[in-house]
Amino acid sequence: MFSKIFMPGDKPELLEQMMASGAHWICLDLEDTVTPANKIAARLSVQTLLADMDSFRRSRIIVRVNGLASGMIDADLRIALSAGDVLINVPMLESAEEVRELDGLLAGIEKDIGVQSPARLLLNIETPKGLRNAYAVASASTRAIGLQIGYADLLEPYGLARNNPDFIGHVQATVRLATAEAGIAAYDGVFAGLTDEEFFAQECMAARRLNFAGKSCFNAAQVAIVNRVFAPTEEEVRKAQRIVDAAAAQFQRGVGLFEIDGRIVDEPFVKGAELLLKRVQDFKQSQYGS
């Protein structure tokens, strides 16, 4: 996943616009972008949208549900699970215990409605406690494919500056190292400054340097920036392929440390090159990425 764009669940008329935005994923939102009075209407709207989609479109969908403490998550999950293999985004997670509770809830619903494949989860880190427990959250369920940063809830209630690159860098590094340890991906959160494209691009580049897998967006202009920044360059792909090819030959000869293009290469560098090539291949194999 490179780019993800939000669409309020109670605004089905926006779907075609979102699909044409260039985003790789469309997040049908039942949480923050929907007012309390419109929650039921949003759920019904998302149910209808998912039921009417073909598999091509559904493969690009994420459903963000309301949190565990909301009293709405059971109904939200049933809507998402009934559509088949859509990715489910769960907000405000703070501990392994909460993730295991979520896991059990999903298992029960899947059994109840006859879903065969376990749902995949994108888990949000958006509170100070959640950030402190990022690895515990990331590693508590085999359903998790990634952690996503939620900057608004993490920063705004505490008066923390959203435009402080040093602090944002600390958050990004903390989440990225947690996902590295857990063996899943990290996804960067949104930036609400819709006209400050220079800052947004700089934040994208900072996340890419930390090997984040993508970033969330609010509009098509941000989507274009994310797609440009996160897409591996041809030279990066060629370099990664040279490393992997050379490693295969060198390792077969019993050589674990060698030189390519003036740089020392050993197993950690080979793993990094393999990761980049895998993401490129996964992206090309998707219906919307080649």
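Rules used throughout
- Residues numbered from 1 in each chain as written.
- Predicted model: local features only at pLDDT ≥ 70, side-chain atom pairs only at ≥ 80, totals over all residues.
- Heavy atoms only, no water.
- Salt bridge = Lys/Arg side-chain N within 4 Å of Asp/Glu carboxyl O.
- Helix = DSSP H or I, 4+ residues; strand = E, 2+ residues; numbered from the N terminus.
- Buried < 20%, exposed > 50% of the residue type's maximum accessible area, 1.4 Å probe, protein only.
- Pairing = 2+ DSSP bridges.
- Phe/Tyr/Trp six-rings, centres within 6.5 Å; stacked < 30°, edge-to-face > 60°.
- Lys, Arg positive; Asp, Glu negative; His and termini not counted.
- Polar contact = N/O pair within 3.5 Å; in protein donor to acceptor, adjacent residues only side chain to side chain.
- Contact = heavy atoms within 4.5 Å.
- Axes fitted to C-alpha atoms, helices over the stretch in contact; angles between N-to-C directions.

**Q** Break down the pattern of salt bridges for me, citing the residues and quoting the values.
**A** The final tally for this structure, using the stated rule, is 17 salt bridges. The residue Arg57 makes a salt bridge to Glu16 at a minimum N-O spacing of 2.7 Å. Note that Arg57 is positioned in helix α3 (residues 55-58) and Glu16 in helix α1 (residues 15-19), a separation of 41 residues in sequence. For Arg57, a relative accessible area of 23% translates into the label partly exposed. Put simply, Arg64 and Asp29 hold a salt bridge, and the shortest N to O gap is 2.7 Å.

**Q** Just give me the short version of the pairing of strand β6 (residues 144-149), but keep the residues and values in it.
**A** Within β6, five of the six residues are buried, leaving the element largely enclosed by the surrounding structure. Sheet topology note: the strand β5 (residues 121-125)/β6 ladder contains five bridges and is parallel. Residue pairing for β6: Asn124 is matched across the bridge by Gln148. Alignment of β6 against strand β7 (residues 185-188), held across three bridges, turns out to be parallel.

**Q** Which residues make up the packing of aromatic side chains, and what are the values?
**A** Following the criterion strictly, the structure yields three aromatic pairs and no others. Here the aromatic rings of Phe191 and Phe199 are separated by 4.8 Å at their centres, their planes lie at 45 degrees, and the arrangement is tilted. By relative accessible area, which is 8% here, Phe191 ends up buried. Arranged with centres 6.3 Å apart and planes meeting at 75 degrees, the rings of Phe251 and Phe258 form a pair that is edge-to-face. Residue classification places Phe251 among the partly exposed positions, given a relative accessible area of 36%. On the accessibility criterion, Phe258 (6% relative accessible area) is buried.

**Q** Go over the side chain of Asp10, please, and point to the residues and values.
**A** Among the secondary structure elements, Asp10 is positioned in the loop between β1 (3-8) and α1. No salt bridge is formed by the buried Asp10. Its closest oppositely charged neighbour is Lys11, at 5.0 Å. Of note is the side chain of Asp10, whose polar atom sits 3.0 Å from the side chain of Asn38. Dropping the residues within four chain positions of it, Asp10 is found in contact with Val34, Asn38 and Ala42.

**Q** Requested: an account of helix α11 (residues 220-230), with residues and values cited.
**A** The set of residues buried in α11 consists of Gln222, Val223, Ile225, Val226, Asn227, Val229 and Phe230. Summarising the contacts, the buried residues of α11 are in contact with β1, α10 (197-209) and β8 (214-217). For α11, the side-chain oxygen to backbone nitrogen distance between the N-cap and Ala221 is 3.3 Å, and the N-cap itself is Asn219.

**Q** Explain the side chain of Lys39 residue by residue, including any values.
**A** Relative to the elements of secondary structure, Lys39 occurs in helix α2 (residues 39-52). Of the side chains with opposite charge, Asp32 lies nearest to the buried Lys39, which makes no salt bridge, at 6.0 Å. Within the local environment of Lys39, its side chain forms a polar contact with the backbone oxygen of Glu31, the two atoms lying 2.7 Å apart. Among the polar contacts made by the side chain of Lys39, one reaches the main-chain carbonyl oxygen of Val34 at a distance of 3.4 Å. Once you skip the residues sitting within four places of it in the chain, Lys39 turns out to touch Leu30, Glu31, Asp32, Val34, Asn66 and Met72.

**Q** Describe the sheet that holds β1, listing the residues and the values that go with them.
**A** Within the closed barrel, the eight strands sit side by side as β1-β2-β3-β4-β5-β6-β7-β8. Their pairing is parallel. Between one strand axis and the next, the sheet turns through 30 degrees on average, direction left out of account. Sheet topology places β1 next to strand β2 (residues 25-29); five bridges connect them, and they run parallel. Bridged to Pro8 within β2 is Asp29. α2 contacts β1, β2 and β3 (61-64) of the sheet and is inclined by roughly 160 degrees relative to β3. Strands in contact with helix α9 (residues 165-182) are β5, β6 and β7; relative to β6, the strand with the most contacts, it is inclined by about 170 degrees.

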